[in-house]
Amino acid sequence: MGSSHSMPEEVQELADKTGFTSDQIENLHRRFKQLSGDQPTICKENFDRIPDLEFNPIRSKIVQAFFDKRNLQHASEGLAEEINFEDFLTIMSNFRPIEMDMDDDQLDRVRKQKLKFLFHMYDADSDGKITLQEYRNVVQEMLSRNPHLDKDSARSIADGAMMEAASICVGQMIWEGIDIETKMHVRFLTMEPIAICN
């Protein structure tokens, strides 16, 4: 965040863009500076300093989501080497709960943005599709950190999940043209849409 005379205006712009309060933005800015070592940008390696992510089964997907140019709206594919505070805040806003006082248009916009963010996390090759193999890889990645499962058991469960998904979907889920509320099965907060895959 810039010089002290422009900070309130800058904070207000970030609040309008992300939905965070000015106090939340200030706290996240302190956290960003801590992660970056007081630098203006952070890179993937800086996320190694977050102990809560260490044992998260989808750690790599979460970290990658911060640098995915689709989420940063910088490009249609690829990863950024570094992100600045505004980029960091934009990505963090996807983890905020939906506010109860939103009107229908705001609620629809926020839901679509969150679902698109999740879709990008699992569309590993940025082709606008989540294939059964990508789905299987996600399930296997999530299970692989379970200390009670060996690799073969995790792979077997992932294969079973892929087969179940295959019985519902034919081949892949495609982002473009999905009617979020009725065609994509993602349990996100209180939403319970249904899966239809192309």
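The model shown is predicted, which means the values in this text are computed figures rather than measured ones. (Residues numbered from 1 in each chain as written. Predicted model: local features only at pLDDT ≥ 70, side-chain atom pairs only at ≥ 80, totals over all residues. Heavy atoms only, no water.)

## What about the overall build of the protein chain?
Working step 1: Per the secondary structure count, the protein chain includes ten helices and four strands.
Working step 2: Starting at the N terminus and ending at the C terminus, the protein chain contains elements arranged as α-α-β-α-α-α-β-α-α-β-α-α-β-α.
Working step 3: Burial statistics for the protein chain: of 198 residues in total, 39% are counted as buried.
Working step 4: The long-range share in the protein chain, meaning contacts at least 24 apart out of those at least 6 apart in sequence, stands at 51%.
Working step 5: Surface summary for the protein chain: the accessible area is close to 11,900 Å², and the carbon and sulfur share equals 50%. (Helix = DSSP H or I, 4+ residues; strand = E, 2+ residues; numbered from the N terminus. Buried < 20%, exposed > 50% of the residue type's maximum accessible area, 1.4 Å probe, protein only. Contact = heavy atoms within 4.5 Å. Areas by Shrake-Rupley, 256 points an atom, 1.4 Å probe, with all protein chains shown as cover.)

## A short note on the nonpolar core
Working step 1: Ranked by internal contacts, the top residues of the largest apolar core, which has 29 residues, are I25, F47, F66, I83, F85 and F88.
Working step 2: When contributions to this core are tallied by element, the ones reaching two or more residues are α1 (7-18), α2 (22-36), α4 (59-67), α6 (85-92) and α7 (104-122).
Working step 3: Sort the elements by how many residues they give to this core and α4 lands first, with five residues.
Working step 4: When residues no more than four places from it in sequence are discounted, the contact partners of F66 are F47, L72, I83, F88, I91, M92 and F95. (Core = buried A, V, L, I, M, F, W, Y, C linked by side-chain atoms within 4.5 Å.)

## Some thoughts on the packing of aromatic side chains
Working step 1: Across all of its chains, the model carries eight aromatic pairs by this definition.
Working step 2: For the ring pair F47 and F67, a centre distance of 5.8 Å and an interplane angle of 80 degrees mean the geometry is edge-to-face. Within this pair, whereas F47 is found in the loop between β1 (41-42) and α3 (51-54), its partner F67 is found in helix α4, the two being separated by 20 residues in sequence.
Working step 3: An aromatic cluster is defined as three or more aromatic residues linked by ring pairs; in this entry it consists of F32, F47, F66, F67, F85, F88, F95 and F117.
Working step 4: Of note, R96 hangs over the ring of F20, and the distance from its end group to the ring centre comes to 5.3 Å. (Phe/Tyr/Trp six-rings, centres within 6.5 Å; stacked < 30°, edge-to-face > 60°. Lys NZ or Arg CZ within 6 Å of the ring centre and 35° of its normal.)

## Comments concerning unusual backbone geometry
Working step 1: Despite not being glycine, D38 shows a phi value in the positive range, around 65 degrees.
Working step 2: Mapping D38 onto the fold places it in the loop between α2 and β1.
Working step 3: Since its relative accessible area comes to 54%, D38 is described here as exposed.
Working step 4: Backbone geometry at S126 places phi at a positive 55 degrees, although glycine is not the residue there.
Working step 5: Following the sequence through the fold, S126 ends up in the loop between α7 and β3 (129-131).

## Comments concerning the UniProt feature "domain: EF-hand" (unreviewed entry) in the protein chain
Working step 1: When the UniProt feature table is mapped to this numbering, "domain: EF-hand" (unreviewed entry) covers residues 110-145.
Working step 2: Secondary structure within residues 110-145 divides into 72% helix and 8% strand; the distance between the first and last C-alpha atoms comes to 31 Å. (UniProt positions renumbered as here; feature names shortened; annotations may be inferred.)

## A word on the layout of surface pockets
Working step 1: Roughly 490 Å³ of internal volume is contained in the second largest pocket.
Working step 2: K17, T18, G19, R109 and V110 are, among the 21 residues lining the second largest pocket, the residues nearest its centre.
Working step 3: Those elements that place two or more of their residues in the lining of the second largest pocket are α1 and α7.
Working step 4: If you tally residues by element for the lining of the second largest pocket, the top one is α7, at five residues.
Working step 5: Each residue belonging to the lining of the second largest pocket can be placed in one class, and the counts come to five nonpolar, nine polar and seven charged. (1 Å grid on protein atoms, 1.4 Å probe; cavity = no way out; pocket = protein on both sides within 12 Å on 5 of 7 lines; lining within 4 Å. Points joined across faces, edges and corners; volume = space filled by probe spheres on them. Nonpolar A, V, L, I, M, F, W, Y, C, P; charged D, E, K, R; others polar.)

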